[in-house]
Structure formats: C-alpha cells, structure tokens
Amino acid sequence: MKKKKVVSVLLTAGLVLSVNGVYAQGNGGTPNSNATSAFDNKIIKKISADNMYNTIALLSEQPRTAGTPGELIGAQYIKSQFEKYGYETELQSFPIYDVVRNNVSGILEIGGQNLKPYVFSGSYSGETTAEVVNVGKALAGTVPDTVRGKIALIERGENTFVEKIQNVLDKGAVGVIMYNNSGTSNAFGQASYGQNIPAVGITRAQGLALVEQLKTGPLTAQLKVSGSGLVEKQSYNVIAKMKPQKNKDTGQIVMVGAHHDSVPGGPGANDDASGVSAVLELARVMSNMPIDSELRFVTFGSEEKGLLGSYHYASTLSDAEADKIVAHFQMDMIGSKDAGGDHAANGLIMYTIDGKKNKVTDLASAAGARTALGEVVPYGQLGRSDHQPFHELGIPAALFIHSPLEPWYHTPADTIDKIDKNKLQETAEIVGAAVYQIARPDTPALIHSRVAPKPVDYDFENRSPGA
Ligand code: BES
Ligand code: ZN
C-alpha cells in the first residue's frame, strides 16, 4: 500500500470512530489484515445457506402479491419463525388500494353528442346527469360553491389529478370531466380511494369547445362510468425486536430488512424471498448472542406497489425512535445465479440513495473482506427498494443486491432453481458480521483494542442494474 493511501485510511478511521463504527477485523492486530476473526465466527459459522434455501423454496411456492392471501400466508410464516427464535413480534397491517378494471366503459353525452371519454384509473363507477360548471384548474381555494350538485369541468395541469378531484368533491360536485392541457396523450391519472364520483377525461379541443359553449348558456351532461373502481385491501409488515439487557443498552437500534411481497403472478424467489430468508437466518443466528443495541428485523409488504410498507413503517416511528436507529441494511435480490455478471464481489453491490458511503456501507464493505466473499464490496447509487424511507429519515441505509439483474426479474421464472446458495451465504455473512459489529457488547471499546476492525478502501461504481 502506498504511503499516501495509509494517510487517507487513517483519516477515515478517525472520522468513523467519532460516529462509532467500522471495519475490517485485523487478526490479532496484524496491520492491514482482513482475516476472519473469532468475533466474526460467532455469527458467520452459524449461518446456513441450506436454511435460507429452504425458506425461499417454501415462500416461493406461490406469489405473495400485496393484499392477497399469498402475502398474508407468507407474513404469518415469517412471524412464526421470528417468534420461534424468541423475538417480540408484530404483524403491522396497513391499507392498500387496488384498481378494479372489469370491462371499463365511460359515456359522456352533452347536447346529444357522445364524447367517448377516457375513464380515470380507479374512477368510481356511477352515473349522473347534471349541469356542467367550468372550474378552471380546480386549484385549492379557487373552486366556486356553484359546483355543488353539478359536474365539474376541469383543466389539466399545475396540481395533481387527485387534488383536482378532491377540491371539487369538497364543494359537493357529483362528477368530473377533465380536459387535457396539451394536444398529445389523452391518458389521465388516477382517482384516489374515497373519491366516489365518476371521473373522465376528454381532449383539449373537446374541453375548450365546452368552455366556449358554457359562455353562451347552461349545458347538461350525462356521465356514466362502469367497470372501474378502487378496493381497499390489507397489506402487512412483519416486525421482530430483540432488546439488549438493560445494563448493557447503548440505546441504539440496528435494522435489517427485506420485502416479502412479490409481483403479481411471480413466485419472487429472488425478489425478494431471498432477502427474507437472510433476514430470518440472521434473526435465528443472533437470537442467542449477547447484544448492547436493539436488533430489529422487518419484512415489508407492498414494496412492489411503491415501497408502501416501508413508508408506512417509517411513518409509525416517533422522532425519538428514528433517532435511535443507527443503520438500516436492506437485502433485496441477494441469491440469483444469473445476476451480477463478471463484476467483482460476485456482483454484489451496496446502493445508497445519495450515492455516498455511510456507516452501513463502511461496515459491510469491510465485512466483505473478512468473510466468505473475501473481498471488499463496492457501492453505487440507486433507490428502487425499502432503504429509501430510512434514508429520508436521515438513517444510514443501503440496499444489498447483485447487479446487473437476472433476466427473470419480475417474471414467473423467478423460481427456486435460479438460486445460488453461495451468494446467499456470502451476503448473509457480510450483513451479519456488520450488524453484529454494531450490536456486540464490546463496541465501541473494541475499536481501541489491538484487534480493532480496520477500515477498507472501496470504490464507487456507476453500475446500472438494468431492467
Ligand atoms: N427488487 C427490486 C429492486 C430493484 C429492481 C433494484 C431493479 C434494482 C434494480 C424491487 O422489488 C422493485 O422491483 N422495485 C421497483 C420500484 C418500486 C418503487 C416499485 C422497480 O425497481 O421497478
Ligand atoms: Zn424487490
């Protein structure tokens, strides 16, 4: 190692010490050695890829689409495993809304003319005949009281579809006709749950013609939407907590997460039964270890619908609780034979939201060098998973994934036969060793000792996952 580099490593060490963390473990204090230590072995020797593989096989027997019985069965299984390992568990439910489409049709007749409207995604199915009132863009505070009992004619643009519909609904409107703000695509956005009036879209030319007609006299429209709507379903997060002994408690919380839902029709073996299997395996392995920080393992629902479970979970944290969370490790797609290409670290990469290193990446990259993988793990920048809401709360967070993705991503072919036990083992060891470095009772005192873990150099990679 060049002299200049040593200086930068020492600087990093100084910085990291101040936030209580880090690194590759020296064997008996040998400089720059990243050998596995007895300390790592307490965790990693117990991690069984066979256990993880069996969990994936079980979970991927059927899709676990958010809001379906498949999700609930999976979530209940995960909860029962956490319980078996002695954790305090919770099945946290939250509502999600699915669009219903069943021969959707819309009719809009004005003055004997059928305008063949576009039906809003999730629009309430209903029928109304009423006068039309031009309410402009239906911006907050601008909707006239005269819209009560009438159909609102709204111009697209400036605020969201949901806001526009809500603003006229609040004034008692009984239907919505929205006209486009440009001549191009006439596809319109979504209505929201509870907006129980029919909503359709028309072209800009049609809308402007109605605006002109309304200047000359009243217009009555007949508006009918059928086959469309929104239904409420329940999705779930599964939460497991292990508190440290009272006299050993640092007040810190370390989190490990994955998402248990799959895309509709996909068995989601790699996405993300693989991550769940590692969460469960680490929970098992750590259940009997002495700890000085709270361990919190969570599997999220509705990730595939837009990170809904993790956002819901984050919204339930008080400021004080969020402040205690010192790290969030998210594992999503950690076992594919066919992902990662020829990249170093078997294709494993740690993605952060801001593309910067943090406590999670520092700990895990160094752990990579001293566990089964035997090399540091690079980092990159990407969202697209449940590390996002934690980052937004100011919590150091990263996504562990093999990149580029496998060709089976989000297909029915994401099955157990595509899973590589070696990748599961390597990733679980890395996260396990890094987590335990925070939670073991002799940190931070450890970092002053001769066997202090060492920081490692690891690089940013501008690597796109594809798909
Ligand atoms: N497992 C993926 C995450 C992912 C996909 C990471 C592709 C890197 C590349 C996740 O389950 C997923 O599919 N996420 C969605 C986004 C989410 C906000 C709905 C995606 O990436 O399309
Ligand atoms: Zn996923």
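Notes on the structure follow. Per-chain numbering applies: the sequence of each chain, read as written, is numbered from 1 onward. Labels follow written order: the first chain is A, the first ligand is 1, and so on. With pLDDT at 70 or above as the cut-off, local features in this predicted model cover only qualifying residues; side-chain atom pairs require 80 or more to be listed or tallied, and sums for whole chains, interfaces and linings still use all residues. Water and hydrogen atoms were dropped before computing side-chain values, which therefore reflect all heavy atoms in the structure.

## Structural notes on the nonpolar core
One broad trend across soluble globular proteins is that nonpolar side chains are buried collectively. To qualify as a nonpolar core, a set must consist of buried Ala, Val, Leu, Ile, Met, Phe, Trp, Tyr and Cys residues joined through side-chain atoms within 4.5 Å. Burial here depends on accessible area, computed with a 1.4 Å probe over protein chains only, as a share of the maximum for the residue type. Under 20% is buried, over 50% is exposed, and the range in between is partly exposed. Counting residues in hydrophobic clusters, the biggest one holds 65 residues, and the most contacted among them are F82, Y87, L295, F297, F329, M331 and F400. In what follows, residue pairs with any heavy atoms lying within 4.5 Å of each other are defined as contacts. Setting aside residues up to four positions removed in sequence, F82 forms contacts with Y87, T89, V238, A240, V279, L280, A283 and F297. Formed by 19 residues, the second largest nonpolar core is a distinct cluster that contains L108, I151, Y179 and V225.

## Examining empty space enclosed by the protein
Of the two site types, the cavity is a set of points on a 1 Å grid over the protein atoms alone where a 1.4 Å probe fits but cannot get out, and the pocket is an open set with protein on both sides within 12 Å along at least five of seven lines, each lined by residues with an atom within 4 Å of a point. Grid points are joined across faces, edges and corners, and a volume is the space filled by probe spheres set on the points. Under the counting rule described, the total for this entry stands at 2 cavities of 30 Å³ or more. By volume, the second largest cavity is sized at about 40 Å³. Residue lining of the second largest cavity: V263, G266, G268, D271, E304, H410, T411 and D414, and that is the complete set. Throughout, the ten residues Ala, Val, Leu, Ile, Met, Phe, Trp, Tyr, Cys and Pro are labelled nonpolar, Asp, Glu, Lys and Arg are labelled charged, and all others, Gly among them, are labelled polar. Its residues assigned to classes, the lining of the second largest cavity shows 1 nonpolar, 4 polar and 3 charged.

## Observations concerning the packing of helix 4 (residues 69-84) against helix 7 (residues 269-286)
Two numbers describe how helix 4 lies on helix 7: the axes approach to 9 Å, and their chain directions differ by 15°. As judged from the angle between their axes, helix 4 and helix 7 are roughly parallel. Of the two possible hands of crossing, helix 4 and helix 7 adopt the one that is right-handed. Two secondary-structure elements touch here, helix 4 through Y77, I78, Q81 and F82 and helix 7 through V276, V279, L280 and A283. Each residue belonging to the contact of helix 4 with helix 7 can be placed in one class, and the counts come to 7 nonpolar, 1 polar and no charged. Orientation is described by axes fitted as lines to C-alpha atoms, over the contacting stretch for helices, and by angles from 0 to 180 degrees between their N-to-C directions. Strands are runs of DSSP state E lasting at least 2 residues, helices are runs of H or I lasting at least 4, and numbering of each runs from the N terminus. Angular relationships are summarised with four words: roughly parallel below 35 degrees, roughly antiparallel beyond 145, roughly perpendicular across 65 to 115, and oblique for the angles in between. A clockwise turn of the near helix away from the far one marks a right-handed crossing, whereas an anticlockwise turn of less than a right angle marks a left-handed crossing.

## A word on the coordination of the zinc ion (ligand 2)
Coordination sphere of the zinc ion (ligand 2), protein contribution only: H259 (NE2), D271 (OD), D332 (OD) and D332 (OD), at 1.9 to 2.7 Å. Donors, by definition, are the N, O and S atoms found within 2.8 Å of a metal, the threshold being 3.2 Å for Na, K and Ca, and water is not counted, so a site can look incomplete. Tetrahedral means four donors with every angle between 85 and 135 degrees, whereas square planar (four donors) and octahedral (six donors) require angles over 155 degrees between opposite donors and between 65 and 115 for all others; sites fitting neither are termed irregular. Because the angles between the 6 donor atoms bound to the zinc ion (ligand 2) fall within 50 to 164°, the donor set is best described as irregular.

## A word on the packing of aromatic side chains
Two aromatic rings from Phe, Tyr or Trp, using only the six-membered ring of Trp, form a pair when their centres are within 6.5 Å; if the ring planes differ by under 30 degrees the pair is stacked, by over 60 it is edge-to-face, and anything between is tilted. One pass over the full model with this rule turns up 14 aromatic pairs. Residues F120 and F161 carry aromatic rings whose centres are separated by 5.5 Å and whose planes lie at 75° to one another, so their mutual orientation is edge-to-face. Taken together, the residues F120 in the loop between strand 4 (118-119) and strand 5 (126-134) and F161 in helix 5 (residues 161-170) connect sequence positions 41 residues apart. Like F161, F120 is buried. Through successive ring pairs, a cluster of aromatic residues spans Y118, F120, F161 and F188. The side chain of K421 reaches across the aromatic face of Y53, ending 4.7 Å from its centre. Charge-over-ring contacts are defined here by two conditions on Lys NZ or Arg CZ: a distance within 6 Å of the ring centre and an angle within 35 degrees of the ring normal.

## A few points about the site of ligand 1
Surveying the vicinity of ligand 1 reveals 15 residues, the closest of which are E303, D332, R384, Y409 and H410. A distance of 3.2 Å separates an oxygen atom of ligand 1 from a polar side-chain atom of H259. Computed with the Shrake-Rupley method and a 1.4 Å probe, the accessible areas treat only the protein chains shown as cover for residues. The fraction of the free accessible surface of ligand 1 (500 Å²) that becomes covered by protein chains is 84%. Those molecules having more than half of their atoms within 2 Å of a cavity or pocket grid point set are described as sitting in that cavity or pocket. In this structure, ligand 1 is accommodated by the second largest pocket. Whether a residue is near a molecule or strand depends on its heavy atoms: if one lies within 4 Å, it is near. Pairs of N or O atoms within 3.5 Å make up the polar contacts considered here, provided that, within protein, one atom can donate a hydrogen while the other can accept it, and that residues adjacent in sequence are counted only when both atoms are side-chain atoms.

## Structural notes on helix 4
A rise of 1.5 Å per residue sets the reference length of helix 4, with its 16 residues, at 22 Å; its end C-alpha atoms lie 22 Å apart and thus fit the reference within 8%. Along helix 4, the residues classified as buried are G70, E71, G74, A75, I78, Q81 and F82. What you see down the axis of helix 4 is that its buried residues fit within an arc of 125°, all on one side. Among the exposed residues of helix 4, those pointing more than 90 degrees away from its buried face are P69 and K84. Contacts from the buried residues of helix 4 go to helix 3 (49-59), strand 2 (88-110), strand 9 (220-242), helix 7 and strand 11 (294-300). Phi for G86, located one or two positions after helix 4, is positive at around 95°. To estimate how far a helix should extend, the number of its residues minus one is multiplied by 1.5 Å. Think of the arc as the fan of directions from the helix axis to the C-beta atoms.

## Quick look at the pairing of strand 7 (residues 175-179)
Burial of strand 7 is extensive: 5 of the 5 residues sit out of reach of the surface. Residues G175, I177 and Y179 line one face of strand 7 and the alternating positions V176 and M178 line the opposite face, and both faces are buried. Here 5 bridges tie strand 6 (residues 151-155) to strand 7, and the two strands are oriented parallel to one another. The residue bridging I151 from the neighbouring strand is G175, located in strand 7. Relative to strand 8 (residues 199-202), strand 7 is paired through 4 bridges, and the arrangement is parallel. From the neighbouring strand, Y179 faces strand 8, where its bridge partner is I202. Two strands form a pair only when DSSP identifies at least two bridges running between them.

## Remarks on unusual backbone geometry
Note that the residue after D271, namely D272, is joined by a cis bond; omega there is 0°. When you line up the elements, D272 lands in helix 7. The residue after S403, namely P404, is reached through a cis peptide bond having omega 5°. In this structure, A345 takes a positive phi of about 55° despite not being glycine. Structurally, the position occupied by A345 is in the loop between strand 12 (325-331) and strand 13 (348-352).

## A look at the packing of helix 7 against helix 12 (residues 421-439)
Where helix 7 meets helix 12, the axes come as close as 10 Å, and the angle between the chain directions of the two elements is 45°. Here helix 12 runs oblique to helix 7, going by the angle between their axes. For the crossing formed where helix 7 meets helix 12, the hand is right-handed. Facing S274, S277, A278, L282 and M286 of helix 7, the residues of helix 12 in contact are L424, A428, V431, G432, V435 and Y436. In the contact of helix 7 with helix 12, the residues fall into 8 nonpolar, 3 polar and no charged.

## Comments concerning the environment of Y379
With respect to the helices and strands, the residue Y379 is situated in strand 14 (residues 379-381). A relative accessible area of 10% places Y379 in the buried class. Sequence separation of Y379 and G157 is 222 residues, and the distance between their C-alpha atoms is 39 Å.

## A few points about the side chain of T352
Counting through the fold element by element, T352 comes out in strand 13. Residue classification places T352 among the buried positions, given a relative accessible area of 1%. Reaching out from T352, the side chain makes a polar contact with the backbone nitrogen of G355 at a distance of 3.1 Å. When sequence neighbours within four positions are dropped, the list of residues in contact with T352 reads N358, T361, G380, Q381, L382, H387, A397 and A398.

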